[in-house]
Amino acid sequence: MGPKSTAFIKTALKAFHATGAHRLTPTAASGLGAIFMLHNVAPDTGYEFEPNSFLRVTPEFLEDVIGLVDDLGYETISLDEIPGRLAAGADAKPFVCFTFDDGYRDNRNYALPIMKKHSVPMAVYVPSDFADGTGDLWWLAFEKAIRQSRHIDIEVASEHFELPTRTAAEKTHAFNRIYWALRKCPEADARATVKTLCENVGYDPSGMCRDLIMSWDELRAFAQEPLVTIGAHTCGHYALAKLDDETAFAQMNESITRLEDELDLPCHHFSYPYGNEMACGPREYRFARRLGMSTAVTTRKGLIHASHKLTPTALPRLSLNGDYQDIRYVQTLLSGAPFALLQAYENLARLPSAARSLVSPRRLATSIG
Ligand SMILES: [Zn+2]
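Since the structure is predicted, the reported quantities are computational estimates derived from the model, not experimental observations. (Residues numbered from 1 in each chain as written. Predicted model: local features only at pLDDT ≥ 70, side-chain atom pairs only at ≥ 80, totals over all residues. Heavy atoms only, no water.)

1. As for the side chain of Ser 30
Position of Ser 30 among the secondary structure elements: in the loop between helix 1 (3–19) and strand 1 (33–38). Of the residues examined, Ser 30 reaches a relative accessible area of 16% and is grouped as buried. If we skip the residues at most four places from it in the chain, Ser 30 touches Tyr 74, Leu 303, His 305, Leu 334, Ser 335 and Gly 336. (Helix = DSSP H or I, 4+ residues; strand = E, 2+ residues; numbered from the N terminus. Buried < 20%, exposed > 50% of the residue type's maximum accessible area, 1.4 Å probe, protein only. Contact = heavy atoms within 4.5 Å.)

Here you go:
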């Protein structure tokens, strides 16, 4: 799902929110269930400039979501149970699964106590370089560098950015301008650019992984928790689709082997870093199957349907996004209505533009209501 689809879903969410239309959606749209995607779980920091805060939800919001899915009659299951649910189809109770990417220590400190309190399984996908303490959390390093800078002067893929970064608004503007240029260029180049930027402002990001991510020792203890499943997330957290066949396969294979060796547990589950269409596709889905993964998750937005029985290594997820910590948005997403609407809207894209311009997400949502 590209930025346009994401923008569509956000607009549709607001429209459904305003109209209450999601309550009228047929149950078929809600499918078999959902896999939630989270990253950080921690209290708010209060920083005015914090562009990666969409990756963090508060412990209170996580607990509210658990309460919501319980009220709606969903069963909370582990990743190991998903193949069975796909085989059972609509005969089984609807399910949700909670997954967390990257192995942040706050998953253990803040999320685990809540999951234990409510007996809810959780899966954490860890890049092996991150657990080693040598990985590159470049998107966070980029934020830190801009936070302590007053002016940015940098080249990204032969585009020159010279921007003031004194105020929070200027910092946010600079981050947004440069971030997507970085995401589009070869990842090694993007990381080198961020490294240069960090050097220019005097910030050393080398301790970031050790500060934020669970070490192997911590993961070994964490993995012993009965509710916890650990999945693989490559070695170096690269967008696999940008790598050649051999390197992409090795990134997946070595990370799975490493997890199994370090934790002395089998690894059956994988998450593609970044997870959108720029980061993974049919080649990676095949690799995951070849490596014996029983599930693999993307960041494509959607619910789990019976048809995913055929594509268990290309599963969509629902992001619990820090910018949308409103339980009504989660209920709307679980209804499946925004995705049914997106499908309808994409079908309309085949119409002549004059007809298409008559239909907005808000108008569609309102007409469904
Ligand atoms: Zn990740």
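Read on, since the account is not over.
2. Some thoughts on the pairing of strand 9 (residues 228–232)
As a general feature of sheets, a regular strand has side chains that alternate between the two faces. Along strand 9, five of the five residues are buried, which leaves the element largely enclosed by surrounding structure. The side-chain alternation of strand 9 yields two buried faces, one formed by Val 228, Ile 230 and Ala 232 and the other by Thr 229 and Gly 231.

3. Side note on the pattern of salt bridges
Scanning all chains against the criterion turns up 19 salt bridges. Across the salt bridge formed by Asp 101 and Arg 317, the nearest N and O atoms sit 3.0 Å from each other. With a gap of 216 residues between them, Asp 101 in strand 5 (residues 95–101) and Arg 317 in strand 12 (residues 315–319) connect regions that are remote in the sequence. (Salt bridge = Lys/Arg side-chain N within 4 Å of Asp/Glu carboxyl O.)

4. Some thoughts on helix 10 (residues 216–223)
Those residues of helix 10 that fall on the buried side of the exposure criterion are Trp 216, Glu 218, Leu 219, Phe 222 and Ala 223. Down the axis of helix 10, the buried set is contained in an arc of 155 degrees. They therefore lie on one face. Facing away from the buried side of helix 10, by more than 90 degrees, are the exposed residues Asp 217 and Ala 221. Structurally, helix 10 contributes buried residues whose contacts are with helix 4 (105–118), strand 6 (122–126), helix 5 (128–132), strand 9 and helix 11 (245–263). (Arc of directions from axis to C-beta.)

5. Description of helix 11
With 19 residues, helix 11 ought to run about 27 Å at 1.5 Å a step, and its terminal C-alpha atoms sit 27 Å apart, in line with that. Asp 264 sits one or two positions beyond helix 11 and adopts a positive phi of about 55 degrees. (Expected span 1.5 Å × (residues − 1).)

6. Section: the nonpolar core
Formed by 67 residues in total, the largest nonpolar core has its most connected members in Phe 36, Phe 98, Ile 230 and Leu 334. When residues in this core are grouped by element, the largest group, six residues, is from helix 2 (residues 59–71). When residues no more than four places from it in sequence are discounted, the contact partners of Phe 98 are Phe 36, Leu 38, Leu 62, Val 65, Ile 66, Thr 76, Met 115, Val 120, Pro 121, Met 122, Ala 123 and Leu 320. Judged by nonpolar contacts, the second largest core, of 36 residues, contains Tyr 104, Ile 152, Ala 181 and Leu 197. (Core = buried A, V, L, I, M, F, W, Y, C linked by side-chain atoms within 4.5 Å.)

7. Here's the deal with the domain arrangement of the protein
The domains assigned to the protein are domain 1 (26–133 + 213–335) and domain 2 (138–207). For domain 1 and domain 2, the distance between their C-alpha centres works out to 28 Å. Of the roughly 1600 Å² buried between domain 1 and domain 2, counting both surfaces, carbon and sulfur atoms make up 57%. For the domain 1 face of the interface with domain 2, the top three residues by lost area are Phe 49, Asn 52 and Tyr 274, together amounting to 41%. At the junction of domain 1 and domain 2, the tally comes to zero salt bridges. At the junction of domain 1 with domain 2, the criterion picks out ten residue pairs in polar contact (both at pLDDT 80 or more). Residue classes in the side of domain 1 that touches domain 2 are distributed as ten nonpolar, five polar and four charged. (Domains from an automatic or database assignment. Buried area = accessible area lost by both parts, 1.4 Å probe. Polar contact = N/O pair within 3.5 Å; in protein donor to acceptor, adjacent residues only side chain to side chain. Nonpolar A, V, L, I, M, F, W, Y, C, P; charged D, E, K, R; others polar.)

8. Section: the packing of helix 10 against helix 11
When two helices pack together, their arrangement is given by the angle between the helix axes and the distance between those axes. Between helix 10 and helix 11, whose axes approach to 10 Å, the crossing angle comes to 75 degrees. For the element pair helix 10 / helix 11, the angle class is roughly perpendicular. Within the contact between the two elements, helix 10 uses Trp 216, Leu 219, Arg 220 and Ala 223 and helix 11 uses Arg 258, Leu 259, Glu 262 and Leu 263. (Axes fitted to C-alpha atoms, helices over the stretch in contact; angles between N-to-C directions. Parallel < 35°, antiparallel > 145°, perpendicular 65-115°, else oblique.)

9. Comments concerning the packing of helix 6 (residues 138–147) against helix 8 (residues 187–201)
Relative to each other, helix 6 and helix 8 sit at 30 degrees, their axes nearing to 9 Å. Considered as vectors, helix 6 and helix 8 are oriented roughly parallel to each other. The crossing of helix 6 and helix 8 is left-handed. Contacts between helix 6 and helix 8 involve Trp 138, Ala 141, Phe 142 and Ala 145 from the first element and Glu 187, Arg 191, Val 194, Leu 197, Cys 198 and Val 201 from the second. (Left-handed = near helix turned anticlockwise from the far one by under 90°.)

10. Notes on the state of the cysteines
Tallying each qualifying case throughout the model produces zero disulfides. With no disulfide of its own, Cys 97 lies 14 Å from the sulfur of Cys 267, the closest cysteine sulfur. (Disulfide = S-S within 2.5 Å.)

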